[in-house]
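So the chains spell out like this:
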Amino acid sequence: MREPEQPSLNLDEPVSDLADPNAELNDETLPQPVKSEREKKTSAVNQVPVASVVVLHLMSKKGEHFAGDQLLESLLSQGLRYGSMKIFHRHTGEDGSGPVIYSVANSVNPGVFDLNGMDQLVTPGISFFFAMEDVDNPAGALESLLVTAKRIAKDLNGELKDESRSALTKQTEDHYRQRIADFGRAQLSGIE
């Protein structure tokens, strides 16, 4: 397998230690799923608070990386489909139909995957994410995301991390659930 040309990427260092600060995909630069006209109008009026975006990272172990061909196989086996913005999405339909539940981006900017070059890709990690206001059932989206992320972590021998790249724990999972519950209550009461 040929290494891709990534001049600032040193796979022996954690992503946060990359020489080029722009080489890391952070939570605020994650690609967002394509929205319907109704959703565009709603979000133009109500700007999305950053806290409404749920992010989970799957990182390779220190000094290692994920090979693109293995990553592709694992993503597809978990029902993710390559789609808009050159990233992977989990849809409500098993066949890739219906609305997007959550998406998966490359942790290295610009966050995309070249489907034709997956056999040459190496990456230190991937990021799972969704915006709570973009899904009908944020709690269900989180549970689906967690199941998939854990399976892919096992497949690739990776480490799950929270949005701040700390180890994902049961307490962190409960914190995500609480954030979603709080978001739901705020939406019902009209509080932003």
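These remarks concern the structure in this document.

### Digging into the pattern of salt bridges
Reasoning step 1: Tallied over the full model, the rule gives 9 salt bridges.
Reasoning step 2: With its nearest N and O atoms 3.6 Å apart, the salt bridge here joins Arg-90 to Glu-94.
Reasoning step 3: Since its relative accessible area comes to 61%, Glu-94 is described here as exposed.
Reasoning step 4: In this structure, the salt-bridge partner of Glu-159 is Lys-161, at a minimum N-O distance of 3.7 Å.
Reasoning step 5: The structure contains a network of salt bridges with shared partners spanning Glu-143, Lys-150, Lys-170, Glu-173, Asp-174 and Arg-177.

### As for the sheet that holds strand 7 (residues 125-131)
Reasoning step 1: With antiparallel pairing, 6 strands are arranged side by side in an open sheet as 3-4-5-7-1-8. Each edge of the sheet is formed by a strand with only one pairing partner; in this case those strands are strand 3 (81-82) and strand 8 (159-161).
Reasoning step 2: Strands strand 1 (53-59), strand 4 (88-91), strand 5 (100-106), strand 7 and strand 8 of the sheet are contacted by helix 3 (residues 138-156), whose axis makes an angle of about 170° with strand 7.
Reasoning step 3: Helix 4 (residues 170-189) contacts strand 1 and strand 7 of the sheet and is inclined by roughly 160° relative to strand 1.

### What to know about the side chain of Thr-123
Reasoning step 1: Structurally, Thr-123 is set in strand 6 (residues 122-123).
Reasoning step 2: Given the relative accessible area of 0%, Thr-123 is considered buried.
Reasoning step 3: Only 3.1 Å separates the side chain of Thr-123 from the backbone oxygen of Gly-125, close enough to count as a polar contact.
Reasoning step 4: Look past the residues within four positions of Thr-123 in its chain and what remains in contact with it is Ser-60, His-65, Phe-66, Leu-71, Asn-106, Ser-107 and Val-108.

About the cut-offs
- Residues numbered from 1 in each chain as written.
- Predicted model: local features only at pLDDT ≥ 70, side-chain atom pairs only at ≥ 80, totals over all residues.
- Heavy atoms only, no water.
- Salt bridge = Lys/Arg side-chain N within 4 Å of Asp/Glu carboxyl O.
- Buried < 20%, exposed > 50% of the residue type's maximum accessible area, 1.4 Å probe, protein only.
- Pairing = 2+ DSSP bridges.
- Helix = DSSP H or I, 4+ residues; strand = E, 2+ residues; numbered from the N terminus.
- Contact = heavy atoms within 4.5 Å.
- Axes fitted to C-alpha atoms, helices over the stretch in contact; angles between N-to-C directions.
- Polar contact = N/O pair within 3.5 Å; in protein donor to acceptor, adjacent residues only side chain to side chain.

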